[in-house]
Structures are given as structure tokens and as C-alpha cells.
Amino acid sequence: MLTNIADIYVRLSDEDRNKKYVTDESESIQNQKTMLINYCVEKGWQINGIYSDDDYSGADSSRPGWNRVLKDCEGGKCSIVVCKTQSRFSRDMEMIEKYIHGKFIEWGVRFIGVVDNVDTNIKGNKKARQINGLINEWYLDDLSDNVKATPSENRATLSARLLLTVIWLTQTIKTVL
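My aim in this report is to walk through the structure given alongside it, one point at a time. (Residues numbered from 1 in each chain as written. Predicted model: local features only at pLDDT ≥ 70, side-chain atom pairs only at ≥ 80, totals over all residues. Heavy atoms only, no water.)

Digging into the nonpolar core
Filter applied, for reference: By nonpolar core is meant a set of buried Ala, Val, Leu, Ile, Met, Phe, Trp, Tyr and Cys residues that side-chain atoms within 4.5 Å join together. Partly exposed residues are those whose accessible area sits between 20% and 50% of the maximum for their type, while under 20% is buried and over 50% is exposed, using a 1.4 Å probe and protein chains only. We count a stretch as a helix when DSSP gives it H or I for four or more residues in a row; a strand needs E for two or more, and each element gets its number in order from the N terminus. Residues count as neighbours in contact if any of their non-hydrogen atoms are within 4.5 Å of one another.
Formed by 20 residues in total, the largest nonpolar core has its most connected members in Trp66, Cys73, Val81, Phe89, Tyr99, Phe104 and Phe111. For this core, the secondary structure elements donating two or more residues are helix H2 (64–74), strand E3 (80–83) and helix H4 (93–107). Top element by residues in this core is H4. It accounts for seven residues. Beyond its immediate stretch of four places on either side in the chain, Tyr99 contacts Trp66, Leu70, Phe89, Phe104 and Trp107.

Structure, rendered in C-alpha cells:
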């Protein structure tokens, strides 16, 4: 059994709009990677792989990077999965239960969410992970409901207002400078 060999997984559901090229990694993905690499190095862990899914929902089970992590776990290539938060791994409570509280235990894999202090090696942490998972899933449901409830003409109006505000701010800043 491998010990202290980590897979790092990062995800962002909505790409940064200021990327120079579509193929570039978002700034958030880069920051997550840097934080998690530093975390693993501080712990003295070997990094097996770094996987990312840019512009994927946390409820999507067809994420390529996520599925590569699962394959590594099942194949015994890593003993730890490290994410920024549990919600980066998944926002779907069913997937949290299936993998973090099920398959990972079966495969001997520890899960860590650095920022939200999720660690499957900490006894008594399971209830907090489950509550966290529910909140993450509710957030996704609420977001979806809110988007659906906003008529497309209102979304267009909001987008136009935002654009006008950005233009006004840009002109104001140029005038001040």
C-alpha cells in the first residue's frame, strides 16, 4: 500500500473571462495548484499527479480530470486526494457519499479539503463533511433555480447595465489618471 502519495485535483466551474487564450488555465486554477503543491511539499508528500477541470460543474460526473483521479485511486497509484475545498471535488452529495465516504475508504485513500479542514483521517469529521456536502449541493440547486427564474430579457438588461457600468468606470479612471 502506498503512503503519502497525493493526487491534486483542482476545478473551477466558470472560467475566468480575462484569459488571454481559451486554452490558458484560469487564474483560479493556477492559484489552486500553487496552494496545493505547497501544502503537499510542506507535508513531505510525493505528488503522483495534478489534475484539473476548468469550466466544469461540481455536479458533473464526466469531468476528465476528476475521472483520472478516481482511476488513480482505484488503481492504487495514490493514497491521498488533496483539493482546495470539498466543493472542488464535488457539489453532489451522492458523489460525496459514494467516493469520500465509500470507495476511498475501500481503496485506502485519504481525502483532504485544505481550506475547509476536511480530512477523512480525523475521527468525528464525517458529520461536518456531510453537512458541508449538503450546503454545497443546496448552493448549486439555488443557483440553478435563480438562473431559471430570471427571464432572458432581464439577464440581457443586467448584462447591458453591467457593461455600461464597466465602460463608465473605465472612462472615469482614465479621466482621473
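Concerning the environment of Ala6
Assignment of secondary structure puts Ala6 in strand E1 (residues 5–12). Residue classification places Ala6 among the buried positions, given a relative accessible area of 0%. In this structure the C-alpha to C-alpha distance between Ala6 and Val109, which are 103 residues apart in sequence, comes to 9.3 Å.

A short note on H4
Count 3.6 residues to each turn of an α-helix, and residues three or four apart come out pointing the same way. Which entries qualify depends on this criterion: To estimate how far a helix should reach, multiply one less than its number of residues by 1.5 Å. The seven residues ending at a residue and the seven starting there each receive a fitted axis; the angle between those axes is the bend at that residue.
End to end, H4 covers 20 Å across 15 residues, agreeing with the expected 21 Å (1.5 Å per residue, within 8%). The sharpest bend along H4 reaches about 30° and sits at Tyr99. Turning to H4, its buried residues are Met93, Met95, Ile96, Tyr99, Ile100, His101, Phe104 and Trp107. In the stretch just after H4, Gly108 is the one whose phi turns positive, near 75°.

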